[in-house]
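# Report on the structure
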Amino acid sequence: MSTPPTSHIDVHRGGDRMKTRISWLDSRHSFSFGEHYDPENTHHGLLMVNNDDIVLPGQGFDTHPHRDMEIVTWVLEGSLVHQDSLGHSGVIYPGLAQRMSAGTGIRHSEKNDSWRVDPGRAEHEQPVHFVQMWVLPDEPGIEPGYQQLEIDAELARGGLVTVASGLPRYRERTAIAINSRHSALHVAKLSPAAERSIDLPEAPYLHVFLARGAVELEGAGRLDTGDAVRLTHSGGRRLTAAEPAEVLIWEMHARLGAG
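Heads up: these notes are all about the structure in this document. (Residues numbered from 1 in each chain as written. Predicted model: local features only at pLDDT ≥ 70, side-chain atom pairs only at ≥ 80, totals over all residues. Heavy atoms only, no water.)

## What to know about the overall build of the chain
Within the chain, the regular secondary structure consists of 1 helix and 20 strands. Here the C-alpha atoms of the chain give a radius of gyration of 18 Å, agreeing with the 18 Å that 2.2 N^0.38 yields for 259 residues. By its C-alpha atoms, the chain is 65 × 45 × 40 Å across when sized along the principal axes. When each of the 259 residues of the chain is scored for burial, the buried share is 51%. Residue pairs in contact within the chain that sit at least 24 positions apart in sequence constitute 72% of those at least 6 positions apart. Counting every atom, the chain has about 11,800 Å² of accessible surface; 48% of that belongs to carbon and sulfur. (Helix = DSSP H or I, 4+ residues; strand = E, 2+ residues; numbered from the N terminus. Rg over C-alpha atoms; globule rule 2.2 N^0.38 Å. Buried < 20%, exposed > 50% of the residue type's maximum accessible area, 1.4 Å probe, protein only. Contact = heavy atoms within 4.5 Å. Areas by Shrake-Rupley, 256 points an atom, 1.4 Å probe, with all protein chains shown as cover.)

## Structural notes on the sheet that holds strand E8 (residues 89-92)
What the 4 strands build is an open sheet, ordered E5-E10-E7-E8; its pairing is antiparallel. The strands lining the two open edges of the sheet, one partner per strand, are strand E5 (60-66) and E8. With strand direction ignored, the average angle separating the axes of adjacent strands in the sheet is 20°. Across 5 bridges, the pairing between strand E7 (residues 80-84) and strand E10 (residues 106-112) is antiparallel. In the strand pairing of E10, Val81 is matched with Lys111. (Pairing = 2+ DSSP bridges. Axes fitted to C-alpha atoms, helices over the stretch in contact; angles between N-to-C directions.)

## Concerning the side chain of Glu70
Along the chain, the position of Glu70 falls in strand E6 (residues 70-77). Here the side chain of Glu70 touches Asn179 through a polar contact of 2.9 Å, landing on its backbone nitrogen. The residues contacting Glu70, other than those within four sequence positions of it, are Arg99, Met100, Ser101, Met133, Trp134, Val135, Pro137, Ile142, Ile178 and Asn179. (Polar contact = N/O pair within 3.5 Å; in protein donor to acceptor, adjacent residues only side chain to side chain.)

## Side note on the nonpolar core
For soluble globular proteins, nonpolar side chains are generally found buried alongside one another. In this structure, Trp74, Met133, Ile151, Val163, Leu185, Leu248 and Trp250 are the most contacted members of the largest nonpolar core, which totals 28 residues. Only E6, strand E11 (128-135), strand E13 (161-165), strand E15 (183-190), strand E17 (205-217) and strand E20 (238-252) provide two or more residues apiece to this core. The residues contacting Leu185, other than those within four sequence positions of it, are Val72, Met133, Val161, Thr162, Val163, Ala164, Leu248, Ile249 and Trp250. Residues Leu190, Leu206, Val215 and Ala220 belong to the second largest nonpolar core, which totals 19 residues. (Core = buried A, V, L, I, M, F, W, Y, C linked by side-chain atoms within 4.5 Å.)

## Quick word on the side chain of Ser234
For Ser234, the position within the fold is in the loop between strand E19 (228-232) and E20. The buried category is assigned to Ser234, whose relative accessible area is 9%. Other than its neighbours up to four places away in sequence, Ser234 contacts Ser7, His8 and Ile9.

## Some points on the packing of aromatic side chains
As enumerated under the stated definition, the model contains 2 aromatic pairs in all. Measuring from centroid to centroid gives 5.2 Å for Trp24 and Phe61, while their planes differ by 80°, and the two rings are edge-to-face. One end of the pair, Trp24, is in the loop between strand E2 (18-22) and strand E3 (25-29); the other, Phe61, is in strand E5, with 37 residues separating them in the sequence. In this structure Trp24 comes out as buried when scored by relative accessible area, which is 17%. Classification of Phe61 as partly exposed rests on a relative accessible area of 21%. Aromatic side chains Phe33 and Trp134 sit 5.7 Å apart centroid to centroid with 75° between the ring planes, which places their arrangement in the edge-to-face category. Taken together, the residues span a long stretch of sequence, with Phe33 in the loop between E3 and strand E4 (47-55) and Trp134 in strand E11 at a distance of 101 residues. (Phe/Tyr/Trp six-rings, centres within 6.5 Å; stacked < 30°, edge-to-face > 60°.)

Quick look at the structure:
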């Protein structure tokens, strides 16, 4: 008789994240990133990067390379200009799903949209706050690609919205596709006055990141802005808003190095 997998619920507080702070960037890393390396904290499931970034107006990441990674960017406030070596260009803003498949290699830049001066739009004078997440693709060496889609209407309807997925079960309802058949990113906006609770999907690996607000997660207690929970073989859990909240949930059915 096989032994049931061990269940784990690991809470990681926002204030304990590794930090990169320079003149124009305040970045907080959920996993090892760049010069911040902890061999005990390199990934969860297939999620390798969960960076919570604030970039000042007129600043950003100059052109730099990536390869063999599915990169999803979710903007919370402000706007971010993406340009890459394949000719893709776009402005990413709250409510827009965006994915870049690095594949065999791609170079891109990401800049706070403030440089696009428009005195009539105050949002162009504010920092941009976004979460960037990286998951492993199914195989290396795929063709690089880019996709974005506005999903404000879906978010307004409430519940879990599937933002990016390679899981076959979400093929008909995901906003954008990623080349990872074991992974899906869901987003929910919750409020005690309206859409208050959701049930987390059941999966061997879940990563729950509270981008803002406060919630109560069954089995983990209260979570505040910047907190994250890594769940392993934990079954479905109820998540309830204590105040208006925005939560990002990775559902993963495989892990790095498995098999």
